[in-house]
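# Commentary on secondary and tertiary structure
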Amino acid sequence: MTNAKNGAGQLMALILMLTMGTARLDGAMVQVVVRPVADAAPLVLDVMSHRNGAGESFSVSRLSYLISGVALQRADDVWHEIADQVAWMDAGKGRDAMTLVDTPPGKYKALRFQVGLDEKTNARDASRHAAEHPLNPNVNGLLWPMQGGFIFLALEGKWKAMDGVMQGYALHLAREPFRTVVQLETVFEVAENERTGADATAIRLDFDVGSLMQGSFARDGATTHSKDGDAVAVSLKKNLARAFKVREIIRTSPEMQGVKGSPLPSLFIKSAQFPVPALPVDNPLTAERMALGRRLFHEGALSRDGTISCASCHQAGAALSDPGKFSVGVDGRTGDRNGMPLFNLAWKREFFWDGRAPSLRAQALIPVEDHREMDETLERVVRKLGEIEGYTAEFERAFGSPGITSERIGLAMENFLLSLTSHNSKFDRAQRGEEKLSADEQRGFELFNMEREPRLGTMGADCFHCHGGPLFTDHQFRNNGLAISEADLGRYKVTKTGIDKGAFATPSLRNIALTAPYMHDGRFATLEEVIDHYSTGVLRTDTLDPNLAKHPAGGLRFSPEDKRCLIAFLRTLSDTRFAEAATTLPSKK
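Before going into details, it helps to say that this report is about the structure given with it. Counting restarts for each chain, with residues numbered from 1 along the sequence as it is written. A pLDDT threshold of at least 70 governs which residues receive local features in this predicted model, and a stricter bar of 80 or more applies before side-chain atom pairs are shown or counted, although totals over entire chains, interfaces and linings include all residues. To obtain the side-chain values, all non-hydrogen atoms of the structure were used and water was disregarded.

## Looking at the overall build of the protein chain
In this description a helix means any DSSP run of H or I spanning at least four residues, a strand means any run of E spanning at least two, and both kinds are numbered starting from the N terminus. A tally of helices and strands in the protein chain yields 19 helices and 20 strands. Exposed residues in this analysis have more than 50% of their type's maximum accessible area, buried residues have under 20%, and partly exposed residues fall in between, with area computed by a 1.4 Å probe over protein chains only. When burial is assessed residue by residue, the protein chain has 54% of its 589 residues classed as buried. Here, two residues are considered to be in contact whenever any of their heavy atoms come within 4.5 Å of each other. Long-range contacts, defined here as pairs at least 24 residues apart, represent 69% of the contacts in the protein chain between residues at least 6 apart. Each accessible area is a Shrake-Rupley estimate made with a 1.4 Å probe; only the visible protein chains count as cover when residues are assessed. On the protein chain, roughly 24,700 Å² of surface is accessible, and the fraction owed to carbon and sulfur atoms is 53%.

See the structure below:
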């Protein structure tokens, strides 16, 4: 058995035993990772930023629960029961995962588990459990002898009455009547080669804590001890059964499984297909910094007149880009470049179209002092934030000591932005076998990844040279055949190197259908215009990228069918779930 706290370490130990011949498994490994969320964003503990069904503000200080009775339904409807699997999950202690070993390879269509324990397990002598066992009372702190066993779910925190008085709540589910079965339909496959532990299937779930709070603390009560006929407990159990949702199914390597010592589980989520990024060692991802960064991202006080926030020009519906040709700043001023999308930034090392910002924390602060954007000074921003309710405490929680500084603003913003990863498009689901591309989409995918080499009879679109790989960008700076303007020489303004004249950052094509208009100056309004550019509009200059310069004058001369298929494929790269969920701001105090 593997508990969440030591999941990665125990999994590696298990792999070592397998490779050294000291253990043998007939099945594969499946990891179940549960991320608590509220307000469509990862749950942040001890922040009075959520509202229940009655509109009362509440925070969560403790979320701790037991999972057992795990079973996987095969494609033939037969349930594979995972014997004696018990896990203790705790948001405050970073326990978020359980690893199911000895899972028979094959196709599955559902996951089932229960929050709580069956009567026999719940009645066992708790003192007999081993020191690290999830049911050792010294480990989980959930033993409730007066109820005859364990608390199945402990949800505690503060809530604010309409008169402004702060009060506490403690919701504890226990006893057999309140053992809650959760069943989730989700199609996935456990591969034969996962027996070695080289990789594993990971089922990532969201546990929507906010959905448990549908009633009113003032009207219905703020405590439950799971007595017979307790309406609060009955309601909690009903809501709990539907609070879990499947977020994604991925393949993950053992060394990336689990997050140790973090107050928020699974802070950095990426596709198993993505390379491992070099996250900043001096700004570790924490729940508190991410929450503060999210709030700052939506904060109008960063601008001179309070009308502009980062979110004003990086909109969720546009995959965190600006749907306008140029962003509109204070007093209606505009710049001369289109606002870039803000996702999968953990893999970038230079920021802005010309790469002038050497870090994400630096990039986050530059618009504040730009006359055309927020037109404010960092000194005034620091002073204004100190006068807004909540910020002083949030900065102290995020950094462990009092003080609001411009440096800390940048670090918090960096923390939040690094967490915004996008990897659940139709294309990704097709890669995982969950969906199937249409004939046009599949043809477009083939064209995208095919060389344009008439000599060898390959007549592809050659897109992959600049936009290849799972991130759909190489993060380089290239002249892509637009007319060079002396007013904006792109990367040359930073490097002063002649070859960089007219070169701009290669954007990721993920979410490309959501991020119009296109190019650094927003000159193209549609994907059709972009494809036409590469078909007939490429201008030859001394600095034209070699991957384009090798083609005939003007471009690749796509057929109407090729254009249609390329665009169909590009539209499969949209991750609307990311845009909708990643930028949702919890309700303010």
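Having seen the model, we can carry on.
## A short note on the pattern of salt bridges
Between Lys or Arg on one side and Asp or Glu on the other, a salt bridge is scored when a side-chain nitrogen of the former is within 4 Å of a carboxyl oxygen of the latter. What the rule picks out here adds up to 37 salt bridges. Note that Arg380 is salt-bridged to Glu376, the shortest N-O span being 2.9 Å. Its relative accessible area of 35% is what places Arg380 among the partly exposed residues. Owing to a relative accessible area of 5%, Glu376 belongs among the buried residues under this scheme. By sharing partners, the salt bridges in this structure join Arg304, Asp331, Arg333 and Asp375 into a single network.

## What about the packing of aromatic side chains?
Pairing of aromatic side chains requires ring centres within 6.5 Å, counting the rings of Phe and Tyr and the six-membered ring of Trp. Pairs whose planes differ by under 30 degrees are stacked, by over 60 edge-to-face, and all others tilted. Counting across every chain of the model gives 20 aromatic pairs. Judged by centre distance (4.9 Å) and plane angle (20°), the ring pair of Tyr169 and Phe217 falls under stacked. Of this pair, Tyr169 sits in strand β12 (residues 166-174) while Phe217 is found in helix α4 (residues 217-220), placing the two residues 48 residues apart along the sequence. Overall, the relative accessible area of 4% leaves Tyr169 in the buried class. Here the aromatic rings of Phe427 and Phe472 are separated by 5.5 Å at their centres, their planes lie at 80°, and the arrangement is edge-to-face. Placement of the pair is Phe427 in helix α12 (residues 426-431) and Phe472 in the loop between α14 (464-467) and β19 (477-478), with a sequence separation of 45 residues.

## A look at helix α16 (residues 527-537)
Every buried residue of α16 is accounted for by Leu527, Val530, Ile531, His533 and Ser535. Packing partners of the buried residues in α16 comprise α18 (560-571).

## Points about helix α8 (residues 360-369)
Given 3.6 residues per turn, any residue in an α-helix points the same way as the ones three and four places further on. Listed in full, the buried residues belonging to α8 are Leu360, Gln363, Ala364, Leu365, Pro367 and Val368. Buried residues along α8 sit against α9 (378-386) and α11 (406-418).

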